[in-house]
Amino acid sequence: MGAVLLLSLTAALNPTLLTATSVMLLSSSPKRLLLGYWLGAMLTSITLGLLIVYALEGSGAVDTTKSTLSPLANLVLGAILLVLALVLGQGRDQAVRDRAAARRQGKEPPRWRQTLDRGTARAAFVIGAMLTLPGASYLAGLSRIAKLDYATFPTVLAVVGFNLVMLILLEAPLLALVTRPDRAEAAIDRVKAWVAARGRGVAVKVLTVLGGLLVLRGVLELL
């Protein structure tokens, strides 16, 4: 069982999840977005986990099956992040930002921005469900669970527990917002102020690193 826990922690080091969590924390409704994303992610990961454990148990397929969607999604998202890093690094986004700011003067925010400001938990749910796809660590962890040959209820608990640990990067800030909302929101406000002052340079570096990691992960999982 120790190996399963280790693999769940490895699966938690997911650049896609880290990127999504960072974006949601900087929104105006982080708690609703985080909750929606978490529900969608749990729905997908638990459903796939149970299907893999029971449908492939004893066949040896769990050890050798590789997800095609997951590496392709990593490659696409990684490429997008690298392009964004290039655009930000060269300052090409500034003209677009200036034109958008000029259009906003004296006008209400566009509908899409108002929707985000209200907290689109439903959209976050869909995104969480779509982006939470099985990777190598996830498949390896489920293989270990299948080999434990537990009864039905303990197996379900093991799959749920694996996914709870895997999504810890999402659950930790969500739990802080629920239990200590004042402190959590104050910390988020400080982060927003810091991002406003130094965000461009940091964003270029973070996007470059995350994009590179996603592309590398996608390539390795396709091999």
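Check the entry above for the structure.
Here's what I pulled together on the structure shown here.

### Observations regarding empty space enclosed by the protein
Taken as a whole, this structure holds three cavities of 30 Å³ or more when the rule is applied. One number sums up the size of the largest cavity: a volume of about 200 Å³. When contributions to the lining of the largest cavity are tallied by element, the ones reaching two or more residues are helix 2 (15–25), helix 3 (30–55) and helix 9 (136–148). Sort the elements by how many residues they give to the lining of the largest cavity and helix 3 lands first, with three residues. Of the residues contributing to the lining of the largest cavity, the split by class is ten nonpolar, six polar and one charged.

### Structural notes on the packing of aromatic side chains
Following the criterion strictly, the structure yields one aromatic pair and no others. Relative to Phe-162, the ring of Tyr-138 lies with its centre 5.7 Å away and its plane at 70°, an arrangement referred to as edge-to-face. In this pair, Tyr-138 sits in helix 9 while Phe-162 sits in helix 10 (residues 152–166), placing the two residues 24 residues apart along the sequence.

### Quick look at the nonpolar core
With 30 residues, the main nonpolar core has Met-24, Tyr-37, Leu-142, Ile-145 and Phe-162 as its most contacted residues. Among the elements that line this core, the one with the most residues is helix 3, at eight residues. When sequence neighbours within four positions are dropped, the list of residues in contact with Ile-145 reads Val-4, Val-53, Thr-155, Ala-158, Val-159 and Phe-162. Listed in part, the five residues of the second largest apolar core include Leu-81, Ala-85, Leu-210 and Leu-214.

Parameters at a glance
- Residues numbered from 1 in each chain as written.
- Predicted model: local features only at pLDDT ≥ 70, side-chain atom pairs only at ≥ 80, totals over all residues.
- Heavy atoms only, no water.
- 1 Å grid on protein atoms, 1.4 Å probe; cavity = no way out; pocket = protein on both sides within 12 Å on 5 of 7 lines; lining within 4 Å.
- Points joined across faces, edges and corners; volume = space filled by probe spheres on them.
- Helix = DSSP H or I, 4+ residues; strand = E, 2+ residues; numbered from the N terminus.
- Nonpolar A, V, L, I, M, F, W, Y, C, P; charged D, E, K, R; others polar.
- Phe/Tyr/Trp six-rings, centres within 6.5 Å; stacked < 30°, edge-to-face > 60°.
- Core = buried A, V, L, I, M, F, W, Y, C linked by side-chain atoms within 4.5 Å.
- Buried < 20%, exposed > 50% of the residue type's maximum accessible area, 1.4 Å probe, protein only.
- Contact = heavy atoms within 4.5 Å.

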